[in-house]
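Each chain, written out:
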Amino acid sequence: EMRKVSMRRVDDLVADADSLRYPEAAEITLWLVGGHRVTRFKGAGSGMPSVPFTHLQIEQKFLDCATTVVDESRARALLADLWRLEQLETVSTLFP
């Protein structure tokens, strides 16, 4: 059971020289029951240029988002079209 969770913005989490490289940096600190503290820093999240998604992760994220507005078969068809976007004669067929 988590008794207390807090989040706060820290504008100087990364040095100015690294701010472009890590625009979405995050640090998490856990205080354990025995008083021990564990801290981890994540400079760039998954999907950022320095930590790109795999092909499978792109597909999963797309399907997770798209299926909130279209059914799964339509989302998969749209995804297939998007993977071959450069070969389509017109993008108007993407959203009939």
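Note that the coordinates shown come from a computational prediction; the quantities given were computed from them, not determined experimentally.

Colleague: Before we go on, may I ask you to explain the pattern of salt bridges in this structure?
Modeller: Opposite charge on two side chains allows them to pair when their charged atoms are near. Under the counting rule described, the total for this entry stands at 2 salt bridges. Between glutamate 72 and arginine 76 there is a salt bridge, with its nearest N and O atoms 2.9 Å apart. Of this pair, glutamate 72 and arginine 76 both sit in helix α2 (residues 72-83), 4 residues apart, which is roughly one turn of the helix. Of the charged contacts, one joins aspartate 81 and arginine 84 as a salt bridge, the two residues approaching to 2.9 Å between their closest N and O atoms. Judged by its relative accessible area of 39%, arginine 84 is partly exposed.

Colleague: Please clarify how a nonpolar patch on the surface should be interpreted in this entry.
Modeller: A grouping of Ile28, Leu30 and Leu32 is seen on the molecular surface, where their side chains present a nonpolar patch of about 270 Å² in accessible area. With respect to the helices, strands and loops of the structure, isoleucine 28 is situated in strand β1 (residues 26-31). When its relative accessible area of 51% is taken as the criterion, isoleucine 28 is described as exposed.

Colleague: How do you make sense of α2 when you look at a structure like this?
Modeller: For an α-helix, the turn length of 3.6 residues means that residues three or four places apart are oriented alike. Look at α2: 16 Å from first C-alpha to last across 12 residues, which is about the 16 Å you get at 1.5 Å a residue. Those residues of α2 that fall on the buried side of the exposure criterion are Ala75, Leu78, Leu79 and Asp81. Around the axis of α2, the buried residues are gathered within 160° of arc, so they sit on the same side. Its buried side turned inward, α2 meets α1 (55-66).

Colleague: Would you explain the environment of alanine 75 in this entry?
Modeller: The residue alanine 75 is located in helix α2 in this model. Here alanine 75 falls in the buried class, since its relative accessible area comes to 0%. Not counting chain neighbours up to four residues away, the residues in contact with alanine 75 comprise Phe62, Leu63, Ala66, Thr67 and Val70.

Analysis parameters
- Residues numbered from 1 in each chain as written.
- Predicted model: local features only at pLDDT ≥ 70, side-chain atom pairs only at ≥ 80, totals over all residues.
- Heavy atoms only, no water.
- Salt bridge = Lys/Arg side-chain N within 4 Å of Asp/Glu carboxyl O.
- Helix = DSSP H or I, 4+ residues; strand = E, 2+ residues; numbered from the N terminus.
- Buried < 20%, exposed > 50% of the residue type's maximum accessible area, 1.4 Å probe, protein only.
- Patch = residues over 30% accessible without salt bridge, like charges linked within 9 Å, V, L, I, M, F, W, Y side chains within 5 Å.
- Areas by Shrake-Rupley, 256 points an atom, 1.4 Å probe, with all protein chains shown as cover.
- Expected span 1.5 Å × (residues − 1).
- Arc of directions from axis to C-beta.
- Contact = heavy atoms within 4.5 Å.

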